[in-house]
Amino acid sequence: MKKIILVCLVAMSVNVFAQKELKEGVMTMKMNMSSDNEQMNAQLAMIGDMAMTTYFKGNKSRSEMKNPMAGETTTIVDNDSKKILALINNPMLGKKYTKTEVKTSDEDAKKLTVTANGKTKTIVGYVCKGYDIEGTNEGVEVKMTMYMTEKIKAPTQNSAMLGDRLKGYPMYMIMNMTQGGMPMKITMEVTELKEEKVADSKFEMTIPEGYESMVPPKPAKID
């Protein structure tokens, strides 16, 4: 009986911790890509599952992903300065970066619809609400299902894209998209979450040496 009570107490304490609001910490997310197209699916299978580590603190987040085939990708979202910095170190492309503003126009908002689907999913102890998102983003047809929790206070690229229509942090996401006429499915799930201090240097927006812009410079005007 004592062992049963101890197990129950441990389970309750884990659940209480999991439901607490977090504004600073580190999480690990697993990502898998697949396709109904055999040729594309074979290429995606070569890449395999990818792990992403996200550091978050206040209105800032940093996501790091490494893969032998895809290389390294780091994305920093700063909602204070309204900037997103993406660093890509790819075997084919080399070292590239993009730096964009966090903004959503009314025209962009109309291209995506957000609907609560009434479903829930528990991820690492957090009860998450389901939302369906459909539309186009930068010319790509997108259909997503996200399971969000408002207990995790961290910005993401998705929150920047969808504005106030989608509150919280996506702990589980399924994205179906068509690119180049080929269907692709991306599944992402948070597998570990830790509350810990994160250094401000993680969110530094300075572009590292050796990285070149992915956006080619505009040609100079000749009068």
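Everything here concerns the structure above.
These notes cover the structure that comes with them. (Residues numbered from 1 in each chain as written. Predicted model: local features only at pLDDT ≥ 70, side-chain atom pairs only at ≥ 80, totals over all residues. Heavy atoms only, no water.)

1. Focus: the overall build of the chain
Okay, so step 1: Of the regular secondary structure elements, the chain holds 4 helices and 12 strands.
Okay, so step 2: By residue count, 34% of the 223 residues in the chain fall in the buried class.
Okay, so step 3: Sequence separation of at least 24 residues holds for 52% of the intrachain contacts in the chain that already meet a minimum separation of 6.
Okay, so step 4: When the accessible surface of the chain is summed, it comes to about 14100 Å², and 53% of that surface belongs to carbon and sulfur atoms. (Helix = DSSP H or I, 4+ residues; strand = E, 2+ residues; numbered from the N terminus. Buried < 20%, exposed > 50% of the residue type's maximum accessible area, 1.4 Å probe, protein only. Contact = heavy atoms within 4.5 Å. Areas by Shrake-Rupley, 256 points an atom, 1.4 Å probe, with all protein chains shown as cover.)

2. Comments concerning the pairing of strand β5 (residues 83-90)
Walk down a regular strand and you will see the side chains alternate between the two sheet faces.
Okay, so step 1: In terms of residue burial, β5 counts as a mostly covered element, since 6 of its 8 residues are buried.
Okay, so step 2: Bridging between strand β4 (residues 71-78) and β5 involves 7 bridges; their strand directions are antiparallel. By the bridge assignment, V77 is partnered in β5 with I84.
Okay, so step 3: Linking β4 to β5, which pair antiparallel, is a turn of 4 residues; within it K82 sits at a positive phi near 60 degrees.
Okay, so step 4: By the bridge criterion, 8 bridges tie β5 to strand β6 (residues 94-101) in an arrangement that is antiparallel. Looking at the pairing, I84 lines up with T100 of β6. (Pairing = 2+ DSSP bridges.)

3. Focus on unusual backbone geometry
Okay, so step 1: A positive phi angle, close to 60 degrees, is found at K82, a residue other than glycine.
Okay, so step 2: Residue position: K82 is located in the loop between β4 and β5.
Okay, so step 3: At V124, a residue that is not glycine, the phi angle is positive and equals roughly 40 degrees.

4. Considerations on the nonpolar core
Okay, so step 1: Of all hydrophobic cores here, the largest spans 37 residues; its most connected members are I152, M171, I186 and L193.
Okay, so step 2: Breaking this core down by element, the ones donating at least two residues are β1 (24-34), α2 (38-47), β2 (50-57), β7 (112-123), β8 (126-137), β9 (140-149), β10 (169-179) and β11 (182-194).
Okay, so step 3: If we ignore the near neighbours within four places in the chain, the residues touching M171 are I123, V124, Y126, C128, Y147, T149, I152, M188, E189, V190 and L193.
Okay, so step 4: Of all hydrophobic cores here, the second largest spans 10 residues; its members include V26, F203, M205 and Y211. (Core = buried A, V, L, I, M, F, W, Y, C linked by side-chain atoms within 4.5 Å.)

5. Here we look at the packing of aromatic side chains
Okay, so step 1: In this structure the tally under the stated criterion is 1 aromatic pair.
Okay, so step 2: Between Y147 and Y172, the aromatic rings sit 6.0 Å apart at their centres with planes inclined by 70 degrees, giving edge-to-face as the arrangement. With Y147 in strand β9 and Y172 in strand β10, this pair connects stretches of sequence that are 25 residues apart. This pair shows no difference in class: Y147 is buried, exactly as Y172 is.
Okay, so step 3: Above the plane of the ring of Y147 lies K121, whose end atom (NZ or CZ) is 5.4 Å from the centre. (Phe/Tyr/Trp six-rings, centres within 6.5 Å; stacked < 30°, edge-to-face > 60°. Lys NZ or Arg CZ within 6 Å of the ring centre and 35° of its normal.)

6. Description of the pattern of salt bridges
Okay, so step 1: Within the structure shown, the criterion is met by 9 salt bridges.
Okay, so step 2: Between K57 and E24 there is a salt bridge, with the nearest N and O atoms lying 3.9 Å from each other. One end of the pair, K57, is in strand β2; the other, E24, is in strand β1, with 33 residues separating them in the sequence.
Okay, so step 3: By relative accessible area, K57 is classed as partly exposed at 27%.
Okay, so step 4: A salt bridge links K83 to E101; its shortest N-O distance comes to 4.0 Å. In this pair, K83 is assigned in strand β5 and E101 in strand β6, connecting sequence segments 18 residues apart.
Okay, so step 5: Judged by its relative accessible area of 29%, K83 is partly exposed. (Salt bridge = Lys/Arg side-chain N within 4 Å of Asp/Glu carboxyl O.)

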